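Here is what each chain is made of, one letter per residue.
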Amino acid sequence: AFAVNVVPEGAEDETELPVLQKSKKSGTISKISGELKEIVFVIQSQSNSFHSKRAEDLKRDILKQSADLGKELPTVLLIHQISGHEGAWTILPLMRDFSVTYSGNSSWIFFCEEDTRIQVVKLLETLGRFDASKEWFLGKALYDEESTIIHHYAFAENPTVFKFPDFAAGWALSIPLVNKLAKKLKSEPLKSDFTIDLKHEIALYIWQKGEGPHLTPVTEFCTNDVNSYKTDHCATTFRNFLPLCGEPVKKEDVFVAVKTCRKFHGDRIPVVKQTWEREAALIEYYSDYADISIPTIDLGIPNTDRGHCGKTFAILERFLNHSSPRIRWLVIVDDDTLISIFRLRKLLSCYDPNDAVFLGERYGYGLGTGGYSYITGGGGMVFSRRAVQKLLASKCRCYSMDAPDDMVLGMCFSGLGVPITHSPLFHQARPVDYPKDYLSHQIPVSFHKHWNIDPVKVYFTWLAPNTEEPHKEKKVGHNREDL
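The shown structure was predicted, so the numbers you read here are calculated from the model rather than taken from an experiment.

Take the sheet that holds strand β9 (residues 194–195) next. With respect to topology, 3 strands assemble into an open sheet ordered β9-β19-β20, the strand pairing being antiparallel. Each edge of the open sheet is held by one strand with a lone partner, namely β9 and β20 (372–375). In terms of strand pairing, strand β19 (residues 362–365) meets β20 through 4 bridges, oriented antiparallel. When the bridges of β20 are listed, Gly364 appears paired with Ser373. Of the strands in this sheet, β9, β19 and β20 touch helix α13 (residues 405–416), which is tilted by about 130° from β20.

Here it is in structure tokens:
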């Protein structure tokens with residue numbers, strides 16, 4: 001849909017490609033296409049077959065547009081192919097390699113997601129407005145309206161002052177800035193133990209407490225839907241949809257396990273029953289107390305105040321040994337998770353249950369020093385049966401009953417060579433904890449926590465089956481008090 005067809009020599013019809021014709025008449029087309037090889041495109045890809053195919057499709061589209069310009073092709077990299085480094089997806093560990101490999105003959109590193117769509121000519125024109133010999137950090141700006149837990153309450157006095165890029169729109173670093181970051185990383189290794197919201201953490205690292213550049217907002221970097229009428233000025237757009245690869249997975253193929261404990265039976269479980277329980281054909285509640293009114297199942301694992309590793313592994317073993325082998329998928333959620341099983345069934349149609357799939361919102365631990373990625377539990381953890389089989393066949397288990405279950409699972413799967421599969425549609429926090437503009441191009445699958453919100457209202461606003469459209473003007477217009 002985005003291939004650029006260059007007007008043949010001698011063609012006089014200016015209606016075919018007005019952008020290129022205009023550039024050609026002004027003598028800039030050779031300059032624009034000549035700069036193409038100076039951009040290194042980096043697609044933030046994943047190794048799972050569904051995601052890697054989408055990234056390969058985008059790579060082909062970029063190269064086809066480039067070939068149609070008739071000049072030397074740019075470099076297009078897929079992050080999951082760049083390095084065996086577990087933390088490659090966090091990008092900063094790659095800066096030294098980028099600096100060594102590309103600083104001599106490139107001007108920009110341009111990053112994008114697998115569903116970002118790029119108009120190559122417009123991107124070149126947009127980047128051409130900036131002096132590539134200077135340090136630039138370019139993107140579509142997001143900001144927190146109020147300080148939020150997922151950003152460690154940064155800039156609490158006025159969180160709107162700090163801008164960070166929406167990865168869906170694409171973002172760019174000039175090579176001088178890449179070189180500067182590479183030099184800093186060589187002398188000062190990454191210190192943060194956790195990677196929670198990569199786009200915010202990268203912006204903080206680049207800003208360097210005011211010594212480095214702020215994000216420069218670029219209006220041509222867009223997250224408007226690719227089919228929107230509002231994209232004429234955009235160099236990038238975004239495929240705004242809930243993935244569906246054939247028929248949704250059957251209700252009976254998804255087993256849902258809810259982790260709870262006696263003290264939350266009275267307030268959290270009623271919310272589940274008022275909201276998403278009806279979407280699940282197979283659901284069980286696991287507690288430290290058997291309450292027949294819910295009903296809950298006591299797995300014989302005492303409740304712990306911190307991590308719930310013992311309980312989670314007991315759930316995994318129960319699923320594998322006591323559920324029908326025909327059930328392909330297991331979902332483990334907290335009792336204060338709000339989730340759309342209806343949408344999850346659509347999403348799961350894109351994954352092969354015969355693969356070891358571990359899906360949800362990806363966090364990282366110690367990735368600057370060879371740590372591991374994990375699926376954060378509050379947003380929901382999704383396992384294929386094959387993944388559970390592979391895990392339990394290994395010797396990897398909890399190092400203590402109250403160890404953080406999500407982190408132990410990440411460590412185990414990393415050791416087994418099973419990749420974490422990330423979806424930004426799962427959320428560890430509440431809608432109010434994310435920029436409205438970020439959520440506006442999502443059809444979310446989950447949110448987490450009931451703090452200072454009406455969770456039933458949040459569910460019916462954001463997740464109920466009749467709220468399939470992206471949350472634009474009306475849906476996103478709620479203020480913090482409303483939600």
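Our next topic: the pattern of salt bridges. For the coordinates displayed, the defined rule picks out 19 salt bridges. For Lys64, the salt bridge is made with Asp68, and the minimal N-O distance between the two is 3.1 Å. Taken together, the residues Lys64 and Asp68, both in helix α3 (residues 49–68) and 4 residues apart, mark about one turn of the helix. A residue is classified by how much of its surface remains accessible, and Lys64, at 42% relative accessible area, is partly exposed. Look at Asp68 and you get partly exposed, because its relative accessible area is 24%. For the salt bridge of Asp336 with Arg268, the shortest nitrogen-to-oxygen distance reads 3.8 Å. Pair noted here: Asp336 is in the loop between β16 (329–334) and β17 (337–339) and Arg268 is in helix α9 (residues 268–274), with a separation of 68 residues, a long-range link. Classification of Asp336 by relative accessible area gives buried; the value is 3%.

Before going further, it helps to spend a moment on the sheet that holds strand β18 (residues 358–360). Across the sheet, 7 strands lie side by side as β15-β14-β13-β16-β21-β18-β22; this open sheet has mixed pairing. Both outer strands of the open sheet, β15 (296–298) and β22 (420–422), are each paired with one neighbouring strand and no more. For this sheet the average axis-to-axis angle between neighbouring strands, irrespective of direction, equals 25°. As paired strands, β18 and strand β21 (residues 381–384) are joined by 2 bridges and run antiparallel to one another. The residue of β21 that forms the bridge with Leu359 is Val382. Packing against the sheet, helix α11 (residues 341–348) makes contact with β13 (254–259), β16, β18 and β21, and its axis sits at approximately 130° to β13. The strands touched by α13 within the sheet are β13, β18 and β21, with β21 carrying the most contacts at an inclination of about 35°.

Attention shifts here to the environment of Ile315. Structurally, the position occupied by Ile315 is in helix α10 (residues 309–322). Look at Ile315 and you get buried, because its relative accessible area is 1%. The spatial distance from the C-alpha of Ile315 to the C-alpha of Val258 is 9.5 Å, given a sequence separation of 57 residues.

This part is about the packing of aromatic side chains. This structure, assessed with the given rule, holds 24 aromatic pairs. An angle of 75° between the planes, with centres 6.2 Å apart, marks the rings of Phe137 and Trp171 as edge-to-face. Of this pair, Phe137 sits in strand β5 (residues 137–139) while Trp171 sits in strand β8 (residues 171–174), and the two are 34 residues apart along the sequence. Assigned by exposure class, Phe137 and Trp171 land together as buried. Seen in terms of ring centroids, Phe383 and Phe413 are 6.5 Å apart; in terms of plane orientation they differ by 45°. Their pairing is tilted. Remark: Phe413 occurs in helix α13 and Phe383 occurs in strand β21; sequence separation between them is 30 residues. The pair Phe383 / Phe413 is uniform in exposure class, with both members buried. Aromatic rings pair up to connect Phe98, Tyr102, Phe111, Phe137, Phe167 and Trp171 into one cluster.

This paragraph deals with the environment of Phe426. As for its position among the elements, Phe426 is in the loop between β22 and α14 (436–439). Relative accessible area serves as the criterion here: at 1%, Phe426 is assigned to the buried category. Those residues in contact with Phe426 that lie beyond four places of it in its chain are Leu344, Leu347, Leu359, Gly360, Glu361, Gly379, Gly380, Val382, Val445 and Ser446.

Before going further, it helps to spend a moment on a nonpolar patch on the surface. On the surface, a nonpolar cluster with roughly 300 Å² of combined accessible area is contributed by Ile149, Tyr153 and Trp451. What makes Ile149 partly exposed here is its relative accessible area of 34%.

Our focus in this paragraph is the state of the cysteines. In total, this model carries 4 disulfides according to the counting rule given. Put simply, Cys245 and Cys350 are joined by a disulfide, and their sulfur atoms are 2.1 Å apart. Of note, the bridge from Cys245 to Cys350 carries an S-S torsion of about 90° and is right-handed in sense. Here Cys245 is found in the loop between β12 (236–238) and β13, whereas its partner Cys350 is found in the loop between α11 and β18, with 105 residues between them in sequence. For Cys350, a relative accessible area of 9% puts it in the buried group. Here the cysteine-cysteine linkages of the chain are recorded as 1-2, 3-5, 4-7, 6-8, numbering only bonded cysteines and doing so in sequence order.

Definitions and limits used
Residues numbered from 1 in each chain as written. Predicted model: local features only at pLDDT ≥ 70, side-chain atom pairs only at ≥ 80, totals over all residues. Heavy atoms only, no water. Pairing = 2+ DSSP bridges. Helix = DSSP H or I, 4+ residues; strand = E, 2+ residues; numbered from the N terminus. Contact = heavy atoms within 4.5 Å. Axes fitted to C-alpha atoms, helices over the stretch in contact; angles between N-to-C directions. Salt bridge = Lys/Arg side-chain N within 4 Å of Asp/Glu carboxyl O. Buried < 20%, exposed > 50% of the residue type's maximum accessible area, 1.4 Å probe, protein only. Phe/Tyr/Trp six-rings, centres within 6.5 Å; stacked < 30°, edge-to-face > 60°. Patch = residues over 30% accessible without salt bridge, like charges linked within 9 Å, V, L, I, M, F, W, Y side chains within 5 Å. Areas by Shrake-Rupley, 256 points an atom, 1.4 Å probe, with all protein chains shown as cover. Disulfide = S-S within 2.5 Å.

Read these as geometric descriptors, not functional statements.
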